[in-house]
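So you can see what is in the structure, the chains are spelled out below.
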Amino acid sequence: TRHLKTLALTLGNCHGQKIYMRSPPIPEMATQEVQLNETLAHLKTESETLKSKLEEERAKLHDVELHQVAEKVEGLGQFVMKTRRTLKGHGNKVLCMDWCKDKRRIVSSSQDGKVIVWDAFTTNKEHAVTMPCTWVMACAYAPSGCAVACGGLDNKCSVYPLSLDKNENLAAKKKSVAMHTNYLSACSFTNSDMQILTSSGDGTCALWDVESGQLLQSFHGHAADVLCLDLAPSETGNTFVSGGCDKKANVWDMRSGQCIQSFETHESDINSVRYYPSGDAFASGSDDATCRLYDLRADREVAIYSKESIIFGVSSVDFSLSGRLLFGGYNDYTINVWDVLKGTRVSILFGHENRVSTLRVSPDGTAFCTGSWDHTLRIWA
Amino acid sequence: MTINTLAKGGWYREQMTCFRKMEKVIVAMQDPDMGMKMRNQRLLITVIPHAMTGRDVIDWLIQKYNICEEEALHVGGMLVRYGYIYPLKEPRSLVLRADETPYRFQTPYFWTSTRWPASELDYAIYLAKKNIRKQGELMEYEKERYSLLHKRINHTWDFVVMQAREQLRASKQRRKADRIVLECQEQAYWLINRPPPGAHNVLDMGLEKPNNFSLRVTLNSDYYKREIESCRRALGRNRVKSSICLEGFVKFSEQYQNHDPIMQGCLPSNPWISDDTAHWTMNSEIVPVPTRLRVERWSFSFMELLNDPIGRREFMTYLEKEFSAENLCFWQACEDIRHGESSKIIQKVEDVYKNFLAPGAARWVNIDSKTMDKTLEGIKHPHRFVMDDAQLHIYFLMKKDSYPRYLKSDLYKNMLAKAIVPQETKKSVFPFMRRQRHSSPSPAQAVTQVTEEDGRAMGAGKAGTNSAAGSHV
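Procedures and definitions
- Residues numbered from 1 in each chain as written.
- Chains lettered and ligands numbered in written order.
- Predicted model: local features only at pLDDT ≥ 70, side-chain atom pairs only at ≥ 80, totals over all residues.
- Heavy atoms only, no water.
- Helix = DSSP H or I, 4+ residues; strand = E, 2+ residues; numbered from the N terminus.
- Buried < 20%, exposed > 50% of the residue type's maximum accessible area, 1.4 Å probe, protein only.
- Areas by Shrake-Rupley, 256 points an atom, 1.4 Å probe, with all protein chains shown as cover.
- Domains from an automatic or database assignment.
- Contact = heavy atoms within 4.5 Å.
- Buried area = accessible area lost by both parts, 1.4 Å probe.
- Salt bridge = Lys/Arg side-chain N within 4 Å of Asp/Glu carboxyl O.
- Polar contact = N/O pair within 3.5 Å; in protein donor to acceptor, adjacent residues only side chain to side chain.
- Phe/Tyr/Trp six-rings, centres within 6.5 Å; stacked < 30°, edge-to-face > 60°.
- Lys NZ or Arg CZ within 6 Å of the ring centre and 35° of its normal.
- Disulfide = S-S within 2.5 Å.
- Expected span 1.5 Å × (residues − 1).
- UniProt positions renumbered as here; feature names shortened; annotations may be inferred.
- Axes fitted to C-alpha atoms, helices over the stretch in contact; angles between N-to-C directions.
- Parallel < 35°, antiparallel > 145°, perpendicular 65-115°, else oblique.
- Nonpolar A, V, L, I, M, F, W, Y, C, P; charged D, E, K, R; others polar.
- Pairing = 2+ DSSP bridges.
- Core = buried A, V, L, I, M, F, W, Y, C linked by side-chain atoms within 4.5 Å.

K.L.:
Would you take a moment to explain the overall build of chain A for this structure?
P.N.:
When helices and strands are counted, chain A shows 3 helices and 28 strands. Within chain A, the fraction of its 381 residues that count as buried is 64%. Accessible surface, chain A as shown: approximately 14,000 Å² in total, 49% of it carbon and sulfur.

What follows is the structure in structure tokens.
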């Protein structure tokens, strides 16, 4: 009961002291609650102490900064990147996009529930689906190019096989795969069409079997909404990274469900995470207007990409093919291009008329695509 | 942060951070020593004090942040869009112009962050004042909103009208210049907090994310126990010195620089720039002769070789010559288990055992006894990852042994020698002539032609990208 809980909470804050009770005496149930709350407080303190210790350990092997190591590297010249294609067709904010392995097709999703598959090269729309929900925040292209996955406020991730039959209603063949208890923020196929990894506003990530819709593994550890994820391009292909509203970026073992590494240096929500092409590091973009680079072998943050004149949050990040450039889409409608090694801002690109909400480099690195709240997508090269 | 801040949502948190940063800029702009020079501006017959031109704003930003004109225009433009600076001459156009157009700083009283969100009551009073002052000549959308508000907060309408009258009376007693300034400030505030229909709404929040204190995740003892466990494991992990790790990035970027189309361009040309898909055609999944850059990449890492279908095929040919092709076949079969349908796992594991692991198997793979025992034990209850250890063992065997030898082999050297180096296509003499952009067959096409049984994902993908050369759809 509430009354007892209040008493328990008050007592919980006074651990170590002798409490002299006035009437009424505490019945047994409340004593249990008192013990639980003291344990919780102890656990929290222990967790925080360990975290501090971890930061100390991480700092011990940090003998040089990235930009120092990069001093010998040749600087980058003037960068000219322009919008080469503008894809118009969404009736509302574009929230997410993904490339097909064929290097020219993309899938995009928007606030009004529309999911469109485009041949970005010709700018032709090839497929369109209307989801039963609004705010389709996540979409992904299947590795085979034969299906797309998407979801959002429906709390689900659904797979739509792509058919070239113009008369076919794509929605008819829809397959519900993932079920979360809150909105779907991101989704990605793993190495095949058979498994999907999702992240959700319910604070968890999950791995699903597409065929059966079965939950294969769930990942708990974030303290708030998980907003983004990315699969590691490693030899063993068993890990992924996620970022959330708790300002944490977590690296997970897909097999065991365990969190193997955790980084908490951002000052605000992490909106995007992306692996460095070698898989040895990942970058993150946050509402705190910075992008950061985390090295997985050094187990620490190794670079911050920020500038005083950049005030607005980063919504999405991605690397160029060689990992030398980091592209960031920002909430102030711009794209900032960073020299990953030297830490400097190489270029700022204008064009969108509202927030850039999503940004992905094409599979062969020839271009990158941005989606915006201005209803359009742009291809830059 | 106050309790109020915490109670509101994630979007509030996000916007407030930006507001605070913009406000810092605004304060710096008005610094007596390092700030901008202000002057009086003439507005028709009235003189407005403490004004600056758009040019002033941009110059100051260029100087302060060491940025170019375009970026300064953008940053300054955001300050105008968010109402921290408002234009005197064309108040409805919240745009920063890089010329003598006069602007003024918004008073902190009317900063969006000061009283957020803007209240319906205040808006009603504002519209009422305007209505009275203009004798009913409000803008169309203002009239609509006014009548909507009238319906919605009808019960307080007397108060609204009374307040409006009071404020109008009080303002009449001010100097004209002050009155004009106050009207401008108030108008700017409402243009942002209640933008006209069709106008850009900077305060568009998007989807509301939760605040830190109404979590969808319970921070109970389980949560903290997991955190502690994670931390303990993390403390025990081996770390590598930064100097070694960071050197790795320099090397990687250097190695891949020529392969990065955005950094170095690509041959014959970047399709997105030239509208010519030759680059894609030459680099299709399966081509008779791959390009030199592609074959070079196989030497960067074992994973690069395996990830390329042609590379993998070449490596298989090499292994066949060395009578160790079963290793690659085994590895592929394990990948298939790991990434394939759940329903097929049991069958596939059985096949793999029969073909590769059983004593006397046709393509027996050489795994150390410890791993073999563990795998055989696991096979009794087959699951997706049961072959992981064995697969890893064979992977590293190939990586350490066969792969380096392949790179030194004639097979690879010949591949490299006959690889294509495309000629760079010079930009067209007539830049206005745009090439026709040809469609390519969709990867999805194959699905309708293949039956469910043999519609393997990888096969379908290849078919789609094969015939991309200038085909019309």
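K.L.:
Explain the domain arrangement of chain B here, please?
P.N.:
Residues and elements named next belong to chain B. Segmenting chain B into domains produces domain 1 (17-110), domain 2 (120-193) and domain 3 (266-418). Once you take the C-alpha centre of each, domain 1 and domain 2 turn out to be 26 Å apart. The partner domain 2 presents 17 residues to the 19 residues of domain 1 that form the contact. When the area that domain 1 buries against domain 2 is broken down by residue, the three leading residues are Tyr86, Arg92 and Phe110, summing to 43%. At the junction of domain 1 with domain 2, the criterion picks out 1 salt bridge. A salt bridge links Arg92 to Glu142, with the nearest nitrogen and oxygen atoms 3.9 Å apart. Remark: the boundary between domain 1 and domain 2 carries 2 residue pairs in polar contact (both at pLDDT 80 or more). Looking at the side of domain 1 that touches domain 2, the elements with two or more residues in it are β2 (46-53), α4 (69-81) and β4 (102-105). If you tally residues by element for the side of domain 1 that touches domain 2, the top one is β2, at 3 residues.

K.L.:
Looking at this structure, I do not really get the packing of aromatic side chains. What am I missing?
P.N.:
Aromatic ring pairs are described here by two measures, namely the spacing of the ring centres and the angle between the planes. Per the counting criterion, the structure on display carries 42 aromatic pairs over all chains. Measuring from ring centre to ring centre gives 5.2 Å for Tyr223(B) and Tyr224(B), while their planes differ by 75°; the resulting arrangement is edge-to-face. Residues Tyr223(B) and Tyr224(B) agree in their burial class; the two are buried. Each residue in the set Trp298(B), Phe302(B), Phe315(B), Tyr318(B), Trp331(B), Tyr395(B), Phe396(B), Tyr403(B), Tyr406(B) and Tyr412(B) is aromatic and connected to the rest through ring pairs, giving one cluster. Across the ring face of Trp373(A), the terminal group of Arg355(A) is positioned such that the distance to the ring centre comes to 4.5 Å.

K.L.:
How should I be thinking about the state of the cysteines in this particular structure?
P.N.:
Put plainly, a disulfide is one covalent bond tying together the sulfur atoms of two cysteines. Residues and elements named next belong to chain A. Under the defined criterion, the tally for this structure stands at 0 disulfides over all chains. Here Cys157 is not cross-linked by a disulfide; its sulfur's nearest cysteine counterpart is in Cys187, at 3.9 Å. With a relative accessible area of 10%, Cys187 lands in the buried category.

K.L.:
Got a minute to help me understand unusual backbone geometry in this structure?
P.N.:
Excluding glycine, most residues fall at negative phi; most peptide bonds, likewise, are trans. Along the chain, Trp116(B) connects to Pro117(B) via a cis peptide bond; the corresponding omega equals 0°. Inspection of the secondary structure puts Pro117(B) in the loop between β4 and α5 (120-133). Residue Pro268(B) follows Leu267(B) across a cis peptide bond; omega there is -5°. If you trace the backbone, Pro268(B) turns up in the loop between α11 (261-264) and α12 (271-274). Even without glycine at this site, His375(A) takes up a positive phi of about 80°. Following the sequence through the fold, His375(A) ends up in the loop between β27 (368-372) and β28 (377-380).

K.L.:
I'm lost on helix α16 (residues 309-321) of chain B in this one. Help?
P.N.:
Side chains three or four residues apart in an α-helix point the same way, a direct result of the helix having 3.6 residues per turn. Residue and element names in this part refer to chain B. Over its 13 residues, α16 runs 19 Å from end to end, which matches the ideal 18 Å to within 8%, given 1.5 Å per residue. Taken together, the buried positions of α16 are occupied by Ile310, Gly311, Glu314, Phe315, Met316, Tyr318 and Leu319. Tucked into the core, α16 has its buried residues touching α14 (292-297), α15 (302-307), α17 (325-339), α20 (388-408) and α21 (410-418). The N-terminus of α16 is capped by Asp308, whose side-chain oxygen sits 3.0 Å from the backbone nitrogen of Ile310. Positive backbone phi, at 60°, marks Phe323, one or two positions downstream of α16.

K.L.:
For this particular structure, what's the right way to read the UniProt feature "repeat: WD" (unreviewed entry) in chain A?
P.N.:
Residue and element names in this part refer to chain A. Here the UniProt-annotated "repeat: WD" (unreviewed entry) positions come out as residues 87-128, 177-218, 219-262, 263-304, 314-348 and 349-381. Spanning residues 177-218, this segment combines 0% helix with 60% strand, and its end C-alpha atoms are found 14 Å apart. Along residues 349-381 one finds 0% helix and 48% strand; the C-alpha atoms at either end are 11 Å apart.

K.L.:
I'm lost on the packing of α17(B) against helix α18 (residues 345-357) of chain B in this one. Help?
P.N.:
Relative orientation and spacing of two packed helices are given, respectively, by the angle between their axes and the distance between those axes. Residue and element names in this part refer to chain B. For the pair α17 and α18, interaxial distance at closest approach is 10 Å and the crossing angle is 170°. With respect to α18, the axis of α17 lies roughly antiparallel. Residues Glu326, Cys329, Phe330, Ala333, Asp336 and Ile337 of α17 lie in contact with α18, whose contacting residues are Ile345, Lys348, Val349, Val352, Phe356 and Leu357. The class makeup of the residues in the contact of α17 with α18 is 9 nonpolar, no polar and 3 charged.

K.L.:
Teacher, can you tell me more about the environment of Gly279(A) here?
P.N.:
Residue and element names in this part refer to chain A. As for its placement among the helices and strands, Gly279 is situated in the loop between β18 (270-275) and β19 (281-286). The class of Gly279 is buried, set by a relative accessible area of 11%. A C-alpha to C-alpha distance of 22 Å links Gly279 and Thr344, two positions 65 residues apart in sequence. With sequence-adjacent residues up to four places away left out, Gly279 is seen in contact with Pro233 and Leu296.

K.L.:
Teacher, can you tell me more about the interface of chain B and chain A here?
P.N.:
The accessible area lost on association of the parts is a frequent measure of interface size. Facing 107 residues of chain B, the contacting portion of chain A comprises 129 residues. Of the roughly 10,200 Å² buried between chain B and chain A on both sides combined, carbon and sulfur atoms contribute 60%. Looking only at chain B, the three residues that lose the most surface to chain A are Phe249(B), Ile262(B) and Trp272(B), adding up to 9% of its buried area. There are 10 salt bridges connecting chain B and chain A. In this structure, the salt-bridge partner of Asp204(B) is Lys93(A), at a minimum N-O distance of 2.8 Å. Remark: the boundary between chain B and chain A carries 43 residue pairs in polar contact (both at pLDDT 80 or more). It is helix α9 (residues 221-236) of chain B that contributes the most residues to the side of chain B that touches chain A, 13 residues altogether. For the side of chain B that touches chain A, the residue count by class is 47 nonpolar, 31 polar and 29 charged.

K.L.:
Got a minute to help me understand the sheet that holds strand β22 (residues 314-319) of chain A in this structure?
P.N.:
In a beta sheet, neighbouring strands are held together by backbone hydrogen bonds and run either parallel or antiparallel to one another. All names here are of chain A. Across the sheet, which stays open at both edges, the 4 strands sit in the order β22-β23-β24-β25 with antiparallel pairing between neighbours. On the outer flanks of this sheet lie β22 and β25 (345-349), each paired with one strand and no other. Across the sheet, the mean angle from the axis of one strand to that of its neighbour is 20°, orientation sign disregarded.

K.L.:
Which parts of the structure should I look at to understand the pattern of salt bridges?
P.N.:
Once their charged atoms are close, side chains differing in charge can pair, the charge on each being opposite to the other. Evaluated as defined, the whole model comprises 50 salt bridges over all chains. Arg338(B) is the salt-bridge partner of Glu335(B), the closest N and O atoms lying 3.0 Å from each other. Here the residue Glu335(B) and the residue Arg338(B) both occupy positions in helix α17, the gap between them amounting to 3 residues, near one helical turn. Side by side, Glu335(B) and Arg338(B) carry an identical accessibility label, which is buried. Where Lys354(B) meets Asp351(B), a salt bridge forms, and the shortest distance between an N and an O atom there is 3.9 Å. In this pair, Lys354(B) and Asp351(B) both sit in helix α18, 3 residues apart, roughly one turn of the helix. Lys354(B) gets classed as exposed once you look at its relative accessible area, which sits at 52%. A relative accessible area of 29% places Asp351(B) in the partly exposed class. Connected via shared salt-bridge partners are Asp98(A), Asp230(A), Arg274(A), Asp318(A) and Arg360(A).

K.L.:
Mind showing me how you'd approach the nonpolar core here?
P.N.:
In summary, soluble globular proteins display a tendency toward joint burial of nonpolar side chains. Residues and elements named next belong to chain B. With 41 residues, the main nonpolar core has Phe315, Phe330, Leu357 and Met387 as its most contacted residues. Those elements that provide at least two residues to this core are α15, α16, α17, α18, α19 (369-379), α20 and α21. The element contributing the most residues to this core is α17, with 8 residues. Filtering out sequence-adjacent residues up to four positions away, Phe315 remains in contact with Phe302, Leu305, Leu306, Leu328, Met398, Ser402, Tyr403 and Tyr406. Core analysis: the second largest hydrophobic core is formed by 37 residues, Met36, Ile85, Leu96 and Ile192 among them.

K.L.:
Hey, could you run me through the pairing of strand β26 (residues 356-361) of chain A in this one?
P.N.:
Both faces of the sheet carry side chains from a regular strand, because those side chains alternate between them. Residue and element names in this part refer to chain A. Counting buried positions along β26 yields 5 of 6 residues, so the element is predominantly enclosed. Of the strand pairs in this sheet, β26 and β27 are connected by 5 bridges, and their pairing is antiparallel. Bridge assignment links Val361 to a residue of β27, and that residue is Phe368. The antiparallel hairpin formed by β26 and β27 contains 6 residues in its connecting segment, where Gly365 sits at a positive phi of about 70°.

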